[in-house]
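The lines below spell out each chain.
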Amino acid sequence: DAPAHLPAALRNRDAIRTVLRHNLPQHGTVLEVASGTGEHVVHFAEAFPNLKFQPTDPDAARRAVINGRVRLATLANVRPALHLDAANSNWPIDAADAVLCSNMIHIAPWSAALGLIRGAARILPAGGALFLYGPFSRDGRHEAASNAAFDADLRSRNPEWGVRDLDDLTSCADMEGFAAPKIIAMPANNHIVVFRRP
């Protein structure tokens, strides 16, 4: 059985869906990296029935939760969840038309963010986009005191975690052939960053 909805997912899923509605392709495959409880992938798959969604997570228990939630929603456009470790260059999917990743890179080592950008660059076609959602700093500065406190808390729990800087991400994406990012302000001091293949 799928767990109860997480409050954060309930708060942000509609705002993310609105941005995706104006930026996703009309048809094709959308790869979600680090699907967690599966709430986002189910919500988006319901909203975009012409797209095929491929959820992933490195944790087997979470993949079982994702698959259970999809079954309860009776969605035909969501494939079974796959194991994917973003930091590993061996991804289980060779091509996708868009890649989504929400609230992952700040609770993972920097190698996961680098691997995510490199992996997306490998599998996306011309015009395909990588969407990152979460908190970000800019020029080494946090946009809100709450983000600074969140960053400090993350780093106290694991020194490899932390809110990522948009300059660092943009530099890595540029080296992988992505165009300059589109940055969209979201509620609660979050952003969606869209890196698109030229």
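Whatever comes next refers back to the structure up there.
The rules behind each value
- Residues numbered from 1 in each chain as written.
- Predicted model: local features only at pLDDT ≥ 70, side-chain atom pairs only at ≥ 80, totals over all residues.
- Heavy atoms only, no water.
- Salt bridge = Lys/Arg side-chain N within 4 Å of Asp/Glu carboxyl O.
- Buried < 20%, exposed > 50% of the residue type's maximum accessible area, 1.4 Å probe, protein only.
- Helix = DSSP H or I, 4+ residues; strand = E, 2+ residues; numbered from the N terminus.
- Pairing = 2+ DSSP bridges.
- Axes fitted to C-alpha atoms, helices over the stretch in contact; angles between N-to-C directions.
- Parallel < 35°, antiparallel > 145°, perpendicular 65-115°, else oblique.
- Left-handed = near helix turned anticlockwise from the far one by under 90°.
- Contact = heavy atoms within 4.5 Å.
- Nonpolar A, V, L, I, M, F, W, Y, C, P; charged D, E, K, R; others polar.
- Core = buried A, V, L, I, M, F, W, Y, C linked by side-chain atoms within 4.5 Å.
- Arc of directions from axis to C-beta.
- Polar contact = N/O pair within 3.5 Å; in protein donor to acceptor, adjacent residues only side chain to side chain.

### A closer look at the pattern of salt bridges
- On inspection of all chains with the given rule, the structure shows seven salt bridges.
- A salt bridge links Arg 62 to Asp 57; the shortest N-O distance between them is 4.0 Å.
- The exposure class assigned to Arg 62 is partly exposed, which follows from its relative accessible area of 46%.

### Thoughts on the pairing of strand β4 (residues 129-134)
- Across the six residues of β4, six count as buried, placing the element largely inside the fold.
- Where burial is concerned, the two faces of β4 agree: the one with Ala 129, Phe 131 and Tyr 133 and the one with Leu 130, Leu 132 and Gly 134 are both buried.
- Direction of pairing for strand β3 (residues 98-102) relative to β4: parallel, over a ladder of five bridges. Bridge pairing links Ala 98 to Ala 129 in β4.
- Bridge count between β4 and strand β8 (residues 190-196): six bridges; the pairing is antiparallel.

### What to know about the packing of helix α4 (residues 110-123) against helix α6 (residues 166-175)
- Direction vectors running N to C along α4 and α6 enclose 40°, while the axes themselves pass 9 Å from each other. When the interaxial angle is binned, α4 and α6 end up oblique. Viewed along their axes, α4 and α6 form a crossing whose handedness is right-handed. Note on element contacts: α6 touches α4 through Asp 168, Leu 169, Cys 172 and Ala 173, opposite Trp 110, Ala 113, Leu 114 and Ile 117.

### Section: the packing of helix α2 (residues 39-47) against helix α3 (residues 60-73)
- Following both chains from N to C, one finds α2 and α3 inclined at 30°, their axes separated by 9 Å at the closest point. By the criterion of interaxial angle, the relationship of α2 to α3 is roughly parallel. For the element pair α2 and α3, the recorded crossing hand is right-handed. Residue-level inspection shows Glu 39, Val 42 and Glu 46 of α2 in contact with α3, the latter providing Arg 69, Val 70 and Ala 73.
- Looking at the contact of α2 with α3, its residues break down into three nonpolar, no polar and three charged.

### Quick word on the nonpolar core
- Val 33, Leu 116, Leu 130 and Leu 132 are the most contacted members of the largest nonpolar core, which totals 31 residues.
- Only β1 (28-33), β3, α4, β4, α6 and β8 provide two or more residues apiece to this core.
- For this core, the leading source of residues is α4, giving eight residues.
- The contact partners of Val 33, leaving out residues within four places of it in the chain, are Thr 56, Leu 84, Ala 86, Trp 91, Val 99, Leu 100, Cys 101, Ser 102, Met 104 and Leu 116.
- Listed in part, the 26 residues of the second largest apolar core include Ile 16, Leu 20, Leu 24 and Leu 75.

### Points about the pairing of β8
- For β8, the buried fraction is high: six of the seven residues fall into the buried class.
- Bridge count for strand β7 (residues 182-186) against β8 is five bridges, and the pairing is antiparallel. Across the sheet, the residue bridging to Ile 184 is Ile 192, located in β8.
- Between β7 and β8, which pair antiparallel and follow one another directly, the connecting turn spans three residues, one of which, Ala 188, has a positive phi of 60°.

### Points about unusual backbone geometry
- Positioned with a positive phi, Ala 34 is a non-glycine residue whose angle comes to about 65°.
- Along the chain, Ala 34 turns up in the loop between β1 and α2.
- Of note in the backbone geometry, Ala 188 takes a positive phi value of approximately 60° without being a glycine.
- Tracing the chain through its elements places Ala 188 in the loop between β7 and β8.

### Quick word on α6
- Where α6 is concerned, the buried positions are Leu 166, Leu 169, Cys 172 and Ala 173. Down the axis, α6 shows its buried residues gathered within 130° of arc, on one side only. Of the exposed residues in α6, those oriented more than 90 degrees away from the buried face are Asp 174 and Met 175.
- On its buried side, α6 packs onto α4, β4, β5 (136-137), β6 (164-165), β7 and β8.
- With a side-chain oxygen positioned 2.9 Å from the backbone nitrogen of Asp 167, the residue opening α6 is Asp 165.

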